[in-house]
Amino acid sequence: MKIGEKIHRIPICSSTNDLAKKLAERGAEQGEVVVCDEQTKGKGTKGRTWYSIQGKGLYFSILLFPSRPDLSLLPLAASLAVREGVFTELNELISLKWPNDLIVWGLKIGGILCESSFSGRELNYSIIGIGLNVRHKKDDFPAELQYSAGSLEMTCREKIDKERLMFVICRYMEKWYRTFLKNEDHKIMKAYQEASCYHIGDKLKVVAKGNIVSGLFKGLDMQGRMILEINGRKEHFLSGEIRILSS
Ligand code: BTN
């Protein structure tokens, strides 16, 4: 089944990722999508909340059964699919902020949360959760996010058709998922670097191993880890091992 060929549309749920997990456990097929209008417990990365107010955002999850065990580039492939979908539909180029933030004009307009289930070392399924702020106005965001978050209607244009946007993103997800399954990692890495907010040589302030340190951005390695030169030494960080404070 192609991605998005079967769509479960529901008005409200706790989290489309959680619902997609339930569907996976009840025998749903690869490519099935869950989309809702409102999430009561929308999840962001690092245990954060994803504010998912009714009708404003596009909140959807895609169920996949990847045949390769190393999933580290799957979130990057999903970011590229969203970028191409938004470009095709809205003619706006999203920048990608490692590991999974989607940025327009310096504002975070969306993010991706990939979650996978394993039995021992065996992968059962992966869920790609995509959250896009579409119709939000500045006041729709909690106070602490009002200067860093934005929406597609704030930055691109008004009256966006969310359903159509999701459909186009699914088409590009099909393309990048196939690239991922064919182990064409260099293609994913090249496209991601081209779209990245960070450029080689940028100075980043980060929290790593409990300390605030400065490092020079040296790119991403083939496992999608960030390479930083800190005190003349190159170190590779997984997304969970580092928090970027500023560039
Ligand atoms: C991030 O923190 O940037 C990732 C946000 C991902 C949010 C989406 S909305 C659809 C799916 N369901 C969730 O609970 N989270 C993801």
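Scroll up to find the structure.
Below, the structure is looked at part by part.

Conventions we followed
Residues numbered from 1 in each chain as written. Predicted model: local features only at pLDDT ≥ 70, side-chain atom pairs only at ≥ 80, totals over all residues. Heavy atoms only, no water. Helix = DSSP H or I, 4+ residues; strand = E, 2+ residues; numbered from the N terminus. Contact = heavy atoms within 4.5 Å. Near = heavy atom within 4 Å. Polar contact = N/O pair within 3.5 Å; in protein donor to acceptor, adjacent residues only side chain to side chain. Areas by Shrake-Rupley, 256 points an atom, 1.4 Å probe, with all protein chains shown as cover. Buried < 20%, exposed > 50% of the residue type's maximum accessible area, 1.4 Å probe, protein only. Pairing = 2+ DSSP bridges. Right-handed = clockwise from strand over helix to strand, strands pointing away. Axes fitted to C-alpha atoms, helices over the stretch in contact; angles between N-to-C directions. Salt bridge = Lys/Arg side-chain N within 4 Å of Asp/Glu carboxyl O. Expected span 1.5 Å × (residues − 1). Disulfide = S-S within 2.5 Å.

**Quick look at the environment of Leu-73**
Argument step 1. Counting through the fold element by element, Leu-73 comes out in the loop between strand S3 (57-64) and helix H2 (74-90).
Argument step 2. Residues Leu-73 and Leu-102 lie 29 residues apart in sequence; the distance between their C-alpha atoms is 16 Å.
Argument step 3. Excluding its chain neighbours within four sequence positions, the residues that come into contact with Leu-73 are Phe-180, Asp-185, Ile-188, Met-189, Met-222, Gln-223 and Gly-224.

**Here's the deal with the site of the ligand**
Argument step 1. The local shell around the ligand holds 19 residues, among which Ser-15, Gln-39, Lys-43, Thr-45 and Lys-108 are the closest.
Argument step 2. Interatomic distance of 3.1 Å between a side-chain N/O atom of Thr-16 and a nitrogen atom of the ligand.
Argument step 3. Between an oxygen atom of the ligand and a side-chain N or O atom of Lys-108, the distance comes to 2.6 Å.
Argument step 4. Out of a free accessible area of 420 Å², the ligand has 99% covered by protein chains.

**Looking at the pairing of strand S2 (residues 33-39)**
Argument step 1. Of all the seven residues making up S2, five are buried; the element is thus mostly covered by neighbouring parts of the structure.
Argument step 2. Examined bridge by bridge, strand S1 (residues 7-13) and S2 share six bridges and lie parallel to one another. Residue pairing in the sheet places Cys-13 in a bridge with Gln-39 of S2.
Argument step 3. Crossover handedness for the path S1 to helix H1 (residues 16-25) to S2: right-handed.

**Considering the sheet that holds S1**
Argument step 1. One open sheet holds the seven strands; their spatial order is S1-S2-S3-S7-S6-S5-S4, and the pairing between them is mixed. Where the open sheet ends on each side, the last strands, each with one partner, are S1 and strand S4 (95-97). Adjacent strand axes in the sheet meet at a mean angle of 20°, parallel and antiparallel pairs treated alike.
Argument step 2. One ladder, built from four bridges, connects strand S5 (residues 101-104) with strand S6 (residues 107-119); its direction is antiparallel. Bridge pairing in S6 links Val-104 to Leu-107.
Argument step 3. Relative to the sheet, H1 contacts S1, S2, S3, S6 and strand S7 (122-133), its axis offset from that of S7 by approximately 150°.

**Comments concerning the pairing of strand S9 (residues 211-220)**
Argument step 1. As paired elements, strand S8 (residues 203-208) and S9 share six bridges and run antiparallel to each other. Along S9, the bridge assignment pairs Lys-203 with Leu-216.
Argument step 2. The pairing of S9 with strand S10 (residues 226-230) spans three bridges and is classified as antiparallel. Its bridge partner being in S10, Leu-216 is matched across the sheet by Glu-229.

**Comments concerning the pattern of salt bridges**
Argument step 1. Tallying each qualifying case throughout the model produces 18 salt bridges.
Argument step 2. Across the pair Glu-115 and Lys-21 runs a salt bridge whose closest N-O atoms are separated by 3.4 Å. With Glu-115 in strand S6 and Lys-21 in helix H1, this pair connects stretches of sequence that are 94 residues apart.

**Some thoughts on H2**
Argument step 1. A rise of 1.5 Å per residue sets the reference length of H2, with its 17 residues, at 24 Å; its end C-alpha atoms lie 24 Å apart and thus fit the reference within 8%.
Argument step 2. A positive phi of about 60° marks Asn-91, the residue just after H2.

**Overview of the state of the cysteines**
Argument step 1. By the definition in use, this model includes zero disulfides.
Argument step 2. Here Cys-13 stays unpaired: no disulfide links it, and the sulfur of Cys-36, its closest cysteine neighbor, is 3.8 Å away.
Argument step 3. Not part of a disulfide, Cys-170 finds its nearest cysteine sulfur in Cys-114, a span of 14 Å.
Argument step 4. Here Cys-170 falls in the buried class, since its relative accessible area comes to 3%.

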